[in-house]
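Each chain, written out:
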Amino acid sequence: MYVDMLGNTRIKLGLHTHTTLSDGRATPEEAARIYAEEGYDAIAITDHWHYGEECEIEGLRILSGCEYNIGGHDGAHVIHIVGVGMTSDPRIPDDWQNMQKTAFAKAAEVINRIKLHNGLAFVGHPAWSLNTPEQLISLGDFDATEIYNSVSECGESDRAYSDVIIDQMATAGRLTNILAVDDTHYYEGDQCRGWIMVEATDVDAQSIVRAIRAGRFYATQGPEVHIEKIAPDKVRVVCSPVQKVVFQSNTTWAKGRTVRENGLVEAEYVRAPDDRFVRAEVTDETGLKAWTNYIVFD
């Protein structure tokens, strides 16, 4: 566990990991050792169509998980839903992998089943999948979206960042919590590159699910970042030393949107007249990023 710069206890959590139980190249035991050595408090093993129970491997807490890839690889129909922290197997039919015209309708059912089993349901790598904001909004009440997916950068198509899709969705009225994940398959540089820091004092799965749903975490490749509303029309970011802070909202231009400075540890943003929400992204001197969840203006 870690204590952040605000004095809060946090756990380092990896939410998207594959093993030899599906198409990953490390066994569950090897994966657990790799992540434990990098200081993770817990991971979810999310093998494709293989529901994994919550357990402990090599001394590391493993959350229950599974990834449901629906619709094949045609960019018009691809949708991947990841479930984490379920208390029992949602029992999604295997033949849903091959749906085409009904892929997004089936994905919405997958989300509902995950949540009926007390799990966290999130959308995997929408940029890699070429998902549109309209498609994602049609899915209904999922809990979060991946803004960064490491394997999409290290091994697959180099479409790792989904920030524009997430902001377009938010602008259309569907705000979502924001995750950084690995989606580890190869263990050749795609491991331990994206995670979330959850405000929690233990690794109880249902406590973690509740904290993520409530947005009590930040997503990161390394930097620490926090955002708070300090006035009705103003927010402040505090962070570990970075070179850039960007405030993103539903408006396309606003004064003070980007702040650049070596060793930057704080920045403020005053709401533009048409802003309905804002989130922050920071980048350190090595290019590593971190992301906050959205703050909504009244």
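As the structure is a prediction and not an experimental result, all values here were calculated from the model.

**Focus: the overall build of the protein chain**
Check the secondary structure of the protein chain and you find 6 helices and 18 strands. On C-alpha atoms alone, the protein chain measures out to a radius of gyration of 18 Å, which is about the 19 Å that the 2.2 N^0.38 rule sets for 298 residues. Taking the principal axes of the C-alpha coordinates as reference, the protein chain spans close to 50 × 45 × 35 Å. Burial status across the protein chain gives 55% buried among its 298 residues. As presented, the protein chain carries roughly 12,300 Å² of accessible surface, and 47% of it is formed by carbon and sulfur atoms.

**Observations concerning the packing of aromatic side chains**
Ring pairs (aromatic) are described by centroid distance and by the angle formed between their planes. Summed over all chains, the structure comprises 8 aromatic pairs. Centroid distance tyrosine 148 to tyrosine 161: 5.1 Å. Interplanar angle 45 degrees. Geometry classified as tilted. Here tyrosine 148 is found in strand β9 (residues 144-149), whereas its partner tyrosine 161 is found in the loop between α4 (150-154) and α5 (163-171), with 13 residues between them in sequence. Relative accessible area serves as the criterion here: at 31%, tyrosine 161 is assigned to the partly exposed category.

**Things to note about the sheet that holds strand β10 (residues 177-181)**
Taken together, the 5 strands give an open sheet; going across it, the order is β6-β7-β8-β9-β10, and neighbouring strands pair in mixed fashion. The open sheet terminates on both sides in strands that have one partner only, identified here as β6 (65-70) and β10. When strand polarity is set aside, the average angle formed by the axes of neighbouring strands in this sheet is 30 degrees. Sheet topology note: the β9/β10 ladder contains 5 bridges and is parallel. Paired with threonine 145 across the strands is isoleucine 178, a residue of β10. Each of β6, β7 (79-84) and β8 (120-123) is contacted by helix α2 (residues 103-116), which is oriented at about 5 degrees to β7, the strand it contacts most. Packing of α5 onto the sheet brings it into contact with β9 and β10, and relative to β9 it is tilted by some 155 degrees.

**Considering α5**
Regarding α5, the residues found buried are Ile165, Ile166, Asp167, Met169 and Ala170. On its buried side, α5 packs onto α3 (133-137), β9, β10, β14 (234-249) and β16 (277-283). Where α5 terminates, the next one or two residues include glycine 173, which has phi positive at roughly 110 degrees.

**Comments concerning unusual backbone geometry**
Even without a glycine there, the phi angle at aspartate 158 is positive, about 60 degrees. Using a relative accessible area of 57% as the deciding quantity, one classes aspartate 158 as exposed. At aspartate 183, a position not held by glycine, the phi torsion is positive, near 60 degrees. Along the polypeptide, aspartate 183 turns up in the loop between β10 and β11 (195-199). A residue is classified by how much of its surface remains accessible, and aspartate 183, at 3% relative accessible area, is buried.

**What about helix α6 (residues 205-213)?**
What α6 keeps buried is the set Ala205, Ile208, Val209, Ala211 and Ile212. The buried residues of α6 occupy an angular sector of 165 degrees when the element is viewed end-on, so they sit on one face. One or two positions beyond α6, positive phi appears at glycine 215, with a value near 80 degrees.

**Side note on the pairing of β9**
Along β9, 6 of the 6 residues are buried, which leaves the element largely enclosed by surrounding structure. Sheet analysis places β8 next to β9, joined by 2 bridges and oriented parallel. Along β9, the bridge assignment pairs valine 123 with threonine 145.

**Notes on the pairing of β11**
Counting buried positions along β11 yields 4 of 5 residues, so the element is predominantly enclosed. With 4 bridges connecting them, β11 and strand β12 (residues 217-220) associate as antiparallel partners. What sits directly across from tryptophan 195, in β12, is threonine 220.

The rules behind the values
Residues numbered from 1 in each chain as written. Predicted model: local features only at pLDDT ≥ 70, side-chain atom pairs only at ≥ 80, totals over all residues. Heavy atoms only, no water. Helix = DSSP H or I, 4+ residues; strand = E, 2+ residues; numbered from the N terminus. Rg over C-alpha atoms; globule rule 2.2 N^0.38 Å. Buried < 20%, exposed > 50% of the residue type's maximum accessible area, 1.4 Å probe, protein only. Areas by Shrake-Rupley, 256 points an atom, 1.4 Å probe, with all protein chains shown as cover. Phe/Tyr/Trp six-rings, centres within 6.5 Å; stacked < 30°, edge-to-face > 60°. Pairing = 2+ DSSP bridges. Axes fitted to C-alpha atoms, helices over the stretch in contact; angles between N-to-C directions. Contact = heavy atoms within 4.5 Å. Arc of directions from axis to C-beta.

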